[in-house]
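Understanding the architecture of this molecule
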Amino acid sequence: HRLFGSTAANISLAILPIVFAAGLLSTARKMGPAFKIEKILVVGGGNAAQSMAALFPSRGYKVNMLCNYADEADRINAAIKEQGYMSATFDSHNDPAGLVKGTPEKVSKFAKDVVAGCNVIILPLPSFAYRSVLEELKPYLAKGTHIGVTPGQGGFDWIARDVLGELCNDLVFFAIMPMPFNCRITDFGKHVAVQEFKKNFRIGTLPATATDSALSVCEQLLGPTESTGHFLSTTLYPINAIIHPQRLYALCHPTGKPAWSQKNPLPSNPFFYEDIDDQAADLMDAVNQELILIGDALKAKGVLVDVPHIFDFLAKFVYRDPAPTLQHFFANQKAYKGFRCPLKERPDKSGWDPDFSNRYFTEDIPCGLCIYKGVADIVDVPTPVMDTVLTWAQTNMGKEYIVNGRLTGKDVGETTAPQRWGITTVEQLNRGY
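For the structure given in this document, a descriptive report is provided here. (Residues numbered from 1 in each chain as written. Predicted model: local features only at pLDDT ≥ 70, side-chain atom pairs only at ≥ 80, totals over all residues. Heavy atoms only, no water.)

**Here we look at the sheet that holds strand S5 (residues 98-102)**
- Taken together, four strands build an open sheet; the order of strands is S5-S4-S11-S10 and the sheet is mixed. This sheet does not close on itself; its edge strands, each paired only once, are S5 and strand S10 (181-187). In this sheet, neighbouring strand axes are inclined to one another by 25 degrees on average, regardless of whether the strands run parallel or antiparallel.
- Relative to strand S11 (residues 191-197), strand S4 (residues 86-90) is paired through four bridges, and the arrangement is parallel. Bridged to Thr89 within S11 is Ala193.
- Sheet strands touched by helix H2 (residues 47-58): S4, S5, S10 and S11. Its angle to S10, the strand with the most contacts, is close to 95 degrees. (Pairing = 2+ DSSP bridges. Helix = DSSP H or I, 4+ residues; strand = E, 2+ residues; numbered from the N terminus. Axes fitted to C-alpha atoms, helices over the stretch in contact; angles between N-to-C directions. Contact = heavy atoms within 4.5 Å.)

Next comes the structure, spelled out in C-alpha cells:
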C-alpha cells in the first residue's frame, strides 16, 4: 500500500482523472437552486477571517464580523475608520488576482451586536476556539442558520452537541476542507497578503439532508465544492494531523543519525515543506495508510465515511499538481514556500529544539492524532506507526494520552477524541446522521 509516499512514481498518474471522474473519492454535486445568502457573519480576527472580510463584500455579500478575542474588534473598527475599507492582495495566479476591497457592515466583540440577520456563519478558526465561540453565539442563533467551519477538523460536531444541545437539530453545520487561504496579515485591519486561494473544496454536512444547501453556500463563497458525505469524514480527513507531527518526528529522528534529545540538539532550523525528505513523506504515508484502514473498518460497519490519501486530496484534488510523489509535492508546491519548522534556538546558540508549545503539537496531537486513535480503538484497528509518533509527542508535551496502545491515558479529557464525549461505540459515532 505504499503508493503515495516517496515511492509514488510506481503509480500511473494517468489513472487519477479516471478515479476522480468516477467519483470514487467523493460525491460531486448536481446543481440545484442556489441557497439565498442574506448576510454572512465571519467569526475571528485572524488571517483567514480578514481575507474573507475583504473578499465577500467585494463579491456583493453583506458581512458582519465577530471578533471576540482581546481588542481585535476595536483595532479593526479603527483601521476601517482610517482607511475606509479592508483589503486583500491576491497573488497573480489566483482568481481573483490583485487588490480586492470590502467593508463589513458591523464589527463587534459581542455576538448580540452582529448575529441578527446572518443566515450564514463562517468560522475560520483553530479547533481550540470552537467551544468559546459557540457559547458566545448560542443565545442568538436562528433556526436554519448554516454554520461553516474551516478547516473543519477537531471533532467540531461533538463540541457543538456538547455546547448547543437540542439547538443543533435546528441548525446546519458544514466543515470546509481545506482552509481556503494561505495568507498573512500585513497591516492589521487594513490589508492581508493572500499567497494562495485554493480552487477546490470538500465539505461534510450535518444533517446529511442539508448537503445541497451547504454545497451551494460554499460554492457561492469559495468555488467548486464536493461532498464527503458523512460529517465524520471531515473529522478524519488527512490534513494537518497527517502532515505536522510526522514531519517533526522524522526531523527529530533522522535515518542513520542520532535522534534529537536535550543532549543532542538539531543543528539548524530547516524549511518545513521545501526541506521535507523521503523519510518524512514515508512516515506521513504510513500514518495515512492506518487512517485509511480505520475508514475501511467504519464502512464495513455501515458508517459511510470517505477517508482518502493526502496525496490524492491535496496534490491531485485541491492543487491539481502534477507532482509524482508526496515528497516532491510538498518540496516544490509554491503555496507552501517560506515556512520554517517550529523550533526554538538554544540561548547559547548550540542548536535547536522542537517547540512543543506550538500548535503543531498542542492542536494536531489532542485534536488530530488522538481523534484518529480514538476512532481506531472503537473499530479495533491497530495503529503502531501512529502510536510511535503519539508516544514521542506526549512524552515531550508532558501529557498522557495513550497507555499500552490504547487511548486511555489520564489526559484524554483534554483531547477532542470521541472518548472524551463518552462515545465508545460505532452506533454512537453514527448518531445524528
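After that view, the rundown keeps rolling.
**What about the packing of aromatic side chains?**
- Taken as a whole and judged by the stated rule, the model has 22 aromatic pairs.
- Of note, Arg75 hangs over the ring of Phe188, and the distance from its end group to the ring centre comes to 3.8 Å.
- Directly above the ring of Phe271 sits Arg340, whose terminal nitrogen or CZ lies 3.8 Å from the centroid. (Phe/Tyr/Trp six-rings, centres within 6.5 Å; stacked < 30°, edge-to-face > 60°. Lys NZ or Arg CZ within 6 Å of the ring centre and 35° of its normal.)

**A short note on the packing of helix H13 (residues 365-379) against helix H14 (residues 384-397)**
- Between H13 and H14, the shortest axis-to-axis distance is 11 Å and the interhelical angle comes to 145 degrees. In the packing of H13 onto H14, the handedness of the crossing is left-handed. Here Ile365, Pro366, Leu369, Cys370, Tyr372 and Lys373 of H13 lie close against H14, whose contacting residues are Met386, Asp387, Val389, Leu390, Ala393 and Met397.
- Of the residues that constitute the contact of H13 with H14, the class distribution is ten nonpolar, no polar and two charged. (Left-handed = near helix turned anticlockwise from the far one by under 90°. Nonpolar A, V, L, I, M, F, W, Y, C, P; charged D, E, K, R; others polar.)

**Digging into the nonpolar core**
- Judged by nonpolar contacts, the single largest core of 105 residues is most densely connected at Phe156, Phe173, Leu298, Leu314 and Phe330.
- In this structure, Leu298 is in contact with Leu232, Leu236, Val303, Val305, Val375, Val379 and Leu429, ignoring residues within four places of it in sequence.
- By size, the runner-up hydrophobic cluster in this structure holds 41 residues, among which are Leu55, Phe181, Phe201 and Ala214. (Core = buried A, V, L, I, M, F, W, Y, C linked by side-chain atoms within 4.5 Å. Buried < 20%, exposed > 50% of the residue type's maximum accessible area, 1.4 Å probe, protein only.)

**What to know about the environment of Ala142**
- In this structure, Ala142 sits in the loop between helix H4 (130-137) and strand S8 (146-150).
- Take Ala142: its relative accessible area is 42%, and that puts it in the partly exposed class.
- Separated by 242 residues in sequence, Ala142 and Pro384 place their C-alpha atoms 45 Å apart.

**Let's talk about the environment of Ile147**
- Here Ile147 shows up in strand S8.
- Residue Ile147 is classed as buried on the basis of its relative accessible area of 0%.
- In sequence terms Ile147 and Leu171 are 24 residues apart; their C-alpha atoms lie 7.5 Å from each other.
- Setting aside its immediate chain neighbours within four residues, Ile147 contacts Ile121, Leu123, Leu141, Phe156, Leu171, Val172, Phe173 and Phe174.

**Considerations on the pairing of strand S13 (residues 225-229)**
- Counted residue by residue, S13 has four buried out of five residues, so it is predominantly covered.
- One ladder, built from four bridges, connects strand S12 (residues 201-206) with S13; its direction is parallel. Bridge pairing in S13 places Ile203 opposite Ser227.
- The handedness of the S12 to S13 crossover, carried by helix H6 (residues 211-221), is right-handed. (Right-handed = clockwise from strand over helix to strand, strands pointing away.)

**Focus: unusual backbone geometry**
- With an omega dihedral of 10 degrees, the bond running from Asp95 to Pro96 counts as a cis peptide bond.
- Relative to the helices and strands, Pro96 is located in the loop between S4 and S5.
- Of note, the bond from Leu206 into Pro207 is cis; its omega dihedral lies within 30 degrees of zero at 0 degrees.
- Positionally, Pro207 belongs in the loop between S12 and H6.
- Here the phi dihedral of Arg320 falls at roughly 50 degrees; this positive angle occurs in a residue that is not glycine.
- Relative to the helices and strands, Arg320 resides in the loop between helix H10 (310-318) and helix H11 (326-332).

**Looking at the side chain of His230**
- You can see His230 is positioned in the loop between S13 and helix H7 (231-236).
- A distance of 3.1 Å separates a polar side-chain atom of His230 from the backbone nitrogen of Leu232. (Polar contact = N/O pair within 3.5 Å; in protein donor to acceptor, adjacent residues only side chain to side chain.)

**What about the pattern of salt bridges?**
- What the rule picks out here adds up to 16 salt bridges.
- Between Glu82 and Lys190 there is a salt bridge, with its nearest N and O atoms 2.8 Å apart. Residue Glu82 is located in helix H3 (residues 72-83), and its partner Lys190 is located in the loop between S10 and S11; the two are separated by 108 residues in the primary sequence.
- On the basis of relative accessible area, Lys190 is assigned to the buried category, the value being 15%.
- Among the ionic pairs, Asp377 bridges to Arg406, the shortest N-O distance being 3.6 Å. Placement of the pair is Asp377 in helix H13 and Arg406 in the loop between H14 and helix H15 (426-429), with a sequence separation of 29 residues.
- Among the charged side chains, a salt-bridge network with shared partners connects Lys373, Asp377, Asp380, Asp387 and Arg406. (Salt bridge = Lys/Arg side-chain N within 4 Å of Asp/Glu carboxyl O.)

So yeah, pure geometry; function would need other evidence.
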